[in-house]
Amino acid sequence: MTKITFINANIYQHEQQGFQPQQYFTVDTDTQRITAMGQGVPSEAIVDQIVDFHNQYVMPGIMNAHTHINMIPTYWAEQESGIEDADPKAIQTMFAIKNMQDLINHGVTYIRNVGSAYDIDIPIKIMQQQKMIAGPRVMTSGKAFTMTGGHGDKAGNEVNGVDEIIKGVRQSMKNGVDNIKLMVTGGVLHNGETPDDIQFNEDEVKAAVREAHHKNKTVAAHAQGNAGVKEAARAGVDTVEHAFDIDDETIDIMKEHKTFVVPTMNAMYAIYKYGEDTVADWARQKVIINIKKHFASIKKAAAAGIPIAMGTDAGTPYNGFENESAYEMQLYVEKAGMTPAQAIDTATINCAKAMHVSQDYGEISVGKVADFIVMKDNPIQDIKVIQKEKAVYQGGVCVHQPA
Ligand SMILES: [Zn+2]
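Since this is a predicted model, take the numbers as computed values, not measurements.

## Description of the overall build of the chain
When its secondary structure is counted, the chain shows 11 helices and 16 strands. In summary, the chain has a C-alpha radius of gyration of 21 Å against a globular reference of 22 Å for 403 residues, a match within 12%. Counting only C-alpha atoms, the chain reaches 65 × 45 × 45 Å along its principal axes. Scored against the burial criterion, the 403 residues of the chain give a buried share of 53%. Expressed as a percentage of contacts within the chain between residues at least 6 apart in sequence, the contacts between residues at least 24 apart total 67%.

## Some points on the domain arrangement of the chain
By a widely used convention, the size of an interface equals the accessible area lost when the partners come together. Domain boundaries in the chain define domain 1 (3-61 + 363-400) and domain 2 (62-354). Counting residues at the interface gives 21 residues for domain 1, matched by 21 residues for domain 2. Taken together, the elements giving at least two residues each to the side of domain 1 that touches domain 2 come down to strand 4 (49-60), strand 15 (391-394) and strand 16 (397-400). Its residues placed into classes, the side of domain 1 that touches domain 2 shows 10 nonpolar, 7 polar and 4 charged.

## Considerations on unusual backbone geometry
The backbone phi angle of Asp313 is positive, close to 70 degrees, even though this residue is not glycine. With a phi angle near 60 degrees, His356 is a residue other than glycine that sits in the positive phi range. Following the sequence through the fold, His356 ends up in the loop between helix 11 (349-354) and strand 14 (372-375).

## Observations concerning the packing of helix 7 (residues 265-274) against helix 8 (residues 281-303)
Look at helix 7 against helix 8: their axes get within 9 Å of each other, and the N-to-C directions meet at 140 degrees. Relative to helix 8, helix 7 is oriented oblique. The way helix 7 lies across helix 8 gives a crossing that is left-handed. In contact with Met265, Met268, Ile271 and Tyr272 of helix 7, helix 8 contributes Ala283, Arg284, Val287, Ile288, Ile291, His294, Phe295 and Ile298. A class-by-class count of the residues in the contact of helix 7 with helix 8 yields 10 nonpolar, 1 polar and 1 charged.

## As for the sheet that holds strand 6 (residues 108-113)
Read across the open sheet, the 3 strands follow the order 5-6-7; overall the sheet is parallel. Lying at the two open borders of the sheet, with one neighbouring strand each, are strand 5 (62-67) and strand 7 (137-139). Pairwise comparison of adjacent strand axes, ignoring direction, gives a mean angle of 20 degrees for this sheet. When strand 5 meets strand 6, the two strands line up parallel, connected through 4 bridges. Pairing of Thr67 across the sheet is with Asn113, part of strand 6. Helix-sheet contacts for helix 2 (residues 121-129) involve strand 6 and strand 7, and the interaxial angle to strand 7 is about 150 degrees.

## Regarding helix 2
Along helix 2, the residues classified as buried are Asp121, Ile122, Ile124, Lys125 and Gln128. Taken around the axis of helix 2, the buried residues stretch over an arc of 165 degrees, which confines them to a single face. The secondary structure elements touched by the buried residues of helix 2 are helix 1 (88-105), strand 6, strand 7 and helix 3 (161-175). Following helix 2 by one or two positions, Lys131 has its phi on the positive side, about 60 degrees.

## Description of the pairing of strand 11 (residues 218-223)
Counting buried positions along strand 11 yields 6 of 6 residues, so the element is predominantly enclosed. Along strand 11, one buried face is formed by Thr218, Ala220 and His222 and the opposite face, lined by Val219, Ala221 and Ala223, is buried too. The handedness of the strand 10 (residues 179-183) to strand 11 crossover, carried by helix 4 (residues 202-214), is right-handed. Each parallel crossover has a hand, and the one from strand 11 via helix 5 (residues 226-234) to strand 12 (residues 239-242) is right-handed.

## A word on the sheet that holds strand 16
Hydrogen bonds along the backbone pair up the strands of a sheet, which may run parallel or antiparallel. One open sheet holds the 7 strands; their spatial order is 3-2-1-4-14-15-16, and the pairing between them is mixed. Two strands lie at the open edges of the sheet, namely strand 3 (33-39) and strand 16, each paired on one side alone. On average, each strand axis in the sheet is tilted by 40 degrees relative to the strand beside it, whichever way the strands run. Two strands pair when backbone bridges link them, and strand 1 (residues 3-13) and strand 4 are joined in this way by 7 bridges, in the parallel orientation. Bridged to Thr5 within strand 4 is Ile50.

## Considering the nonpolar core
One finds Leu182, Val205, Ala208, Ala221, Ala232 and Val237 to be the most contacted residues of the largest nonpolar core, which totals 115 residues. A total of 6 residues in this core trace back to one element, the largest contributor, which is helix 7. Both domains that furnish three or more residues to this core are identified here as domain 1 (3-61 + 363-400) and domain 2 (62-354).

## A look at the pairing of strand 16
Examined bridge by bridge, strand 15 and strand 16 share 3 bridges and lie antiparallel to one another. Considered in strand 16, the bridge of Gln394 is made with Val397. Between strand 15 and the antiparallel strand that follows it, strand 16, lie 2 residues; Gly395 among them carries a positive phi value of about 60 degrees.

Criteria and thresholds
- Residues numbered from 1 in each chain as written.
- Predicted model: local features only at pLDDT ≥ 70, side-chain atom pairs only at ≥ 80, totals over all residues.
- Helix = DSSP H or I, 4+ residues; strand = E, 2+ residues; numbered from the N terminus.
- Rg over C-alpha atoms; globule rule 2.2 N^0.38 Å.
- Buried ≥ 20, exposed ≤ 12 C-beta atoms within 10 Å, placed from the backbone.
- Contact = placed C-beta atoms within 7 Å.
- Domains from an automatic or database assignment.
- Nonpolar A, V, L, I, M, F, W, Y, C, P; charged D, E, K, R; others polar.
- Axes fitted to C-alpha atoms, helices over the stretch in contact; angles between N-to-C directions.
- Parallel < 35°, antiparallel > 145°, perpendicular 65-115°, else oblique.
- Left-handed = near helix turned anticlockwise from the far one by under 90°.
- Pairing = 2+ DSSP bridges.
- Arc of directions from axis to C-beta.
- Right-handed = clockwise from strand over helix to strand, strands pointing away.
- Core = buried A, V, L, I, M, F, W, Y, C linked by C-beta atoms within 7 Å.

In structure tokens:
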């Protein structure tokens, strides 16, 4: 067993909404957990190694509750590269491995993948756990569930009616998923539907929630228009993804059911900003119609005290696996009225709670797994600091050093 004590650290604590100065903490790299912590210098320094952080800023590793690791964010710009002619399963697997590396290099230490063609995220999770590939820890969903012809039907599981949903969810859990992803409404990147269309009916969503919760799995609902968000929250899903539009009644239902919202604001912003010449017009028009409403809806939810868990929808056009997670936090500060500390919480403790892993992740305290990032400057003063080069640790082991 190796015990490492990190000294002279400013450590982020969500209870204080800020950094505590002059801290030390000790990690046992066998269990990957923090075994001791305190102010100043540890009294009994029986450790194998001491690392001096020279008053740098340490916060929990970034968690991203909405990724698609098999997707290629530049795909839309590369129609002529021939990439679409390659075997999709092979090429998506290769990109998943690359995307995992990019995520960890940019401080993302845990992802919840919410929809993956061919169930690619299941073997990716196993390979990461066995240290065959680098990357964040992975919570899997396998293929997302959608109605016949619904959002994401090409890569998803098409099911219809309560019986098929029950069988499908049970099969997914048998395949090894940690979370169930349901397409409750239409969306942007699928032609012939709108974000306001209801797709799964409430009895279908309820059936999926019941089956998943029986096995202690979570449910994430893609729901954009208000009617769909309301339906998903009432049916008891754990997280609502996107939430373009919500009214006061929806807020009340979410409070009653303790629903988390995963905003994915950068998915909209990136298509709006970079997609003019490459993203299909039918998709970009939906972004133009909905982006202001979406950002206002997230601001309203945050102001009402609905817990927000950071998610980017990484893999959609121009929305990749590098600093987009940190940029999403910047959008929360600039467009959704959050303080920098609240934005940090969305990507750490709130994600951990939304993913039901807060007993082990999401904060730096004794007993927790030592996934953290180390920055030269203070992100409370400027949230953009998180986008700069940083050291990344998983289980107390450095997995990326700034260049
Ligand atoms: Zn998504």
